[in-house]
Amino acid sequence: MSTIDLNQLVTWRRELHRFPEIGWSEFTTTARLITELRNMGLEVIAGPKVINREFVRGRKADVVERGLALARERGVDEALLAEMDELTGCMATYYTGKPGPTIALRFDIDCVNVQECAIGEHVPNNEGFASKSAGLMHACGHDGHMSIGLGIAKWLVENGSSLSGKVKLLFQPAEEGVRGARPMAESGIVDDADYFLGMHLGFIAKTGEIVVNPNSFLCTTKYDFRFYGAPAHAGAEPHLGRNALAGACHAATQMLGISRHGKGMSRINVGVIRAGEGRNVVPAYGELQVEVRGEDETINSFMAEQVERMAAGAAHSFDLRLESEVMGEAVDLQNDKELIDLLTQVVGQYPELTAVPERVFGGSEDATILAKRVQRHGGKSLYFIVGADLKAGHHQAEFDFDEKQLATAANLFIGCLQKLMTK
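Note that the structure is predicted; figures quoted are calculated from it, not measured.

Visitor: Kindly report on the pattern of salt bridges, identifying the contributing residues and their values.
Guide: By the definition in use, this model includes 38 salt bridges. With a closest N to O distance of 2.6 Å, E83 and R38 form a salt bridge. Separated by 45 residues along the polypeptide, E83 in helix α4 (residues 78–84) and R38 in helix α2 (residues 27–39) bring together distant segments of the chain. Classification of E83 by relative accessible area gives partly exposed; the value is 27%. We note a salt bridge from E323 to R226, for which the minimum N-O separation is 3.3 Å. Within this pair, whereas E323 is found in strand β11 (residues 321–330), its partner R226 is found in strand β8 (residues 219–228), the two being separated by 97 residues in sequence. In this structure R226 comes out as buried when scored by relative accessible area, which is 16%. Shared partners join several salt bridges into a network, and the residues in it are R13, R14, E127, D143, D400 and E403.

Here it is, written out as structure tokens:
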């Protein structure tokens, strides 16, 4: 069985927790990862080499600019920022020098828009590693995921000579909002992978439980719809205006009435509506932020086509110009039995762990895009859950997890690598 230094993992996790960055602004985080991985002796690529710019979702220029400015304030090397070329995330590769399988492991790196709580019993507060960025927090465990990836990298450098093949460590930006996996997949960096492994801490499992085959991953597409009309005096000349608020509201009510699909679960949510400039002005701008979900890609596509058509129809009805933008996406996933069985065997090596055969995931995760990309190129994929007792739920201000499970997760990954790369 593999062993890994828990203290080092905790140190990395706490350092990363202090400096959370939201999706597409993770320049300080990416620089830290690149530096750490290169210091280990690994080959690391970043920027356009790992992110296909044409497929980037939900990336806002002002967020990117703030992230770059903050990285410069923190002393990030300009050469590293130039290498990133305004795109976050990176990939490290470990070569054994011997023929064997190529295995891709994925770790997400962004945070969420949550203000970390100030209560004294919150471990990051009383241990001195709480977020230093107002309104931002690693409240989903991605700081832990990154430390697991770094721990695996260190183990490979120190112990990988017994293996055969190649390991790719993917540090993916912008998982929140499911925005970063598609452009990373479209860069082609996993097209040669024989196996893909991803995981999440906590979520649907407690400490000691390893969900080896979570199911019911929901496909999703996230949209921004922007309606452009014309302003006019609401009393004297309302006929000269074109009411974007009315168009946005009409589209929202139509979308919420979409028929649910008869062959599986479907979801629609209009989460934000924003419109208007003043009470006496015909609204010239309206915006909807919408998401659809489906049990599989066919159902999700049905929902996506419906909302697109309804937005276009509302724009036409009120003589508005419509802009639509896909802000994020994820797909469903069927884990491969070979990897389910392999992980179950690895879990069985640890008496303190229990392999949970199946459990409903019930949400969306864009690691599925990378996993399916590997499957469509003839490889096999697995996404699993490592239980870690939580102090509060994901995306909550009091979120924290059982840090001992960082070593559990790293050891499970390493156990899988050993079985796959020593055949």
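Visitor: Please give an account of the pairing of β8 that cites residues and values.
Guide: Where a strand is regular, its side chains alternate between the two sheet faces. Within β8, 9 of the 10 residues are buried, which leaves the element mostly enclosed by the surrounding structure. Examined bridge by bridge, β8 and strand β10 (residues 285–294) share 10 bridges and lie antiparallel to one another. Bridge pairing in β10 links Y228 to Y285. The pairing of β8 with β11 spans 9 bridges and is classified as antiparallel.

Visitor: Run through the packing of α2 against helix α6 (residues 142–159), naming residues and quoting values.
Guide: Here α2 crosses α6 at 15 degrees, and the two axes come no closer than 11 Å. Taken together, α2 and α6 sit at an angle that is classed as roughly parallel. Here α2 and α6 pass one another in a crossing that is right-handed. On α6, the residues touching T29, L33, E36 and L37 of α2 are M146, L150 and A153. In terms of residue class, the contact of α2 with α6 is built from 5 nonpolar, 1 polar and 1 charged.

Visitor: So, the sheet that holds β8: which residues are in play, and what are the values?
Guide: What the 4 strands build is an open sheet, ordered β9-β10-β8-β11; its pairing is antiparallel. Whereas interior strands pair on both sides, the edge strands pair on one side only; in this sheet they are β9 (266–275) and β11. The mean inter-strand angle of the sheet, taken between neighbouring strand axes irrespective of direction, is 15 degrees. Here helix α8 (residues 244–256) sits on the sheet in contact with β8, β9 and β10, set at roughly 15 degrees to β10. Across the sheet, helix α9 (residues 297–317) lies against β8, β9, β10 and β11, angled at about 5 degrees from β8, the strand it touches most.

Visitor: Run through the packing of helix α1 (residues 6–18) against α6, naming residues and quoting values.
Guide: For the pair α1 and α6, interaxial distance at closest approach is 8 Å and the crossing angle is 140 degrees. Of the possible angle classes, the one that applies to α1 and α6 is oblique. Two packed elements cross with a definite hand, and for α1 against α6 that hand is right-handed. Packed against α1, whose contacting residues are L9, W12, R13, L16 and H17, the element α6 presents D143, G144, M146, S147, L150, G151 and K154 at the interface. Broken down by class, the residue content of the contact of α1 with α6 amounts to 5 nonpolar, 4 polar and 3 charged.

Visitor: Please provide a residue-by-residue account of the sheet that holds strand β12 (residues 354–356), values included.
Guide: The strands that make up a sheet are held in pairs by hydrogen bonds between backbone atoms, and each pair lies either parallel or antiparallel. The 8 strands are arranged β1-β2-β4-β3-β5-β14-β6-β12 in an open sheet whose pairing can be described as mixed. In this open sheet, the two strands that pair with only one neighbour each are β1 (43–46) and β12. Across the sheet, the mean angle separating the axes of adjacent strands is 20 degrees when strand polarity is ignored. Along the sheet, α2 makes contact with β1, β2 (90–95) and β4 (166–172), crossing β2 at roughly 15 degrees. Across the sheet, helix α10 (residues 337–347) touches β5 (195–201), β6 (209–211), β12 and β14 (380–386), and the angle it forms with β14 is around 40 degrees.

Visitor: Can you explain the layout of surface pockets? Please cite residues and give values.
Guide: The calculated volume of the largest pocket comes to roughly 970 Å³. If you go around the largest pocket, you meet 37 residues; those closest to its centre are E176, G177, V178, R179 and K222. Put simply, the parts of the chain that give the lining of the largest pocket at least two residues each are β8, β9 and β10. Residues that form the lining of the largest pocket fall into these classes: 13 nonpolar, 14 polar and 10 charged. When its volume is computed, the second largest pocket comes out at roughly 160 Å³. Looking at the lining of the second largest pocket, the elements that each hand over two or more residues are β8, α9 and β11. Looking at the lining of the second largest pocket element by element, the count peaks at 4 residues for β8. Considering only residue class, the lining of the second largest pocket consists of 5 nonpolar, 4 polar and 5 charged.

The rules behind the values
- Residues numbered from 1 in each chain as written.
- Predicted model: local features only at pLDDT ≥ 70, side-chain atom pairs only at ≥ 80, totals over all residues.
- Heavy atoms only, no water.
- Salt bridge = Lys/Arg side-chain N within 4 Å of Asp/Glu carboxyl O.
- Helix = DSSP H or I, 4+ residues; strand = E, 2+ residues; numbered from the N terminus.
- Buried < 20%, exposed > 50% of the residue type's maximum accessible area, 1.4 Å probe, protein only.
- Pairing = 2+ DSSP bridges.
- Axes fitted to C-alpha atoms, helices over the stretch in contact; angles between N-to-C directions.
- Parallel < 35°, antiparallel > 145°, perpendicular 65-115°, else oblique.
- Left-handed = near helix turned anticlockwise from the far one by under 90°.
- Contact = heavy atoms within 4.5 Å.
- Nonpolar A, V, L, I, M, F, W, Y, C, P; charged D, E, K, R; others polar.
- 1 Å grid on protein atoms, 1.4 Å probe; cavity = no way out; pocket = protein on both sides within 12 Å on 5 of 7 lines; lining within 4 Å.
- Points joined across faces, edges and corners; volume = space filled by probe spheres on them.

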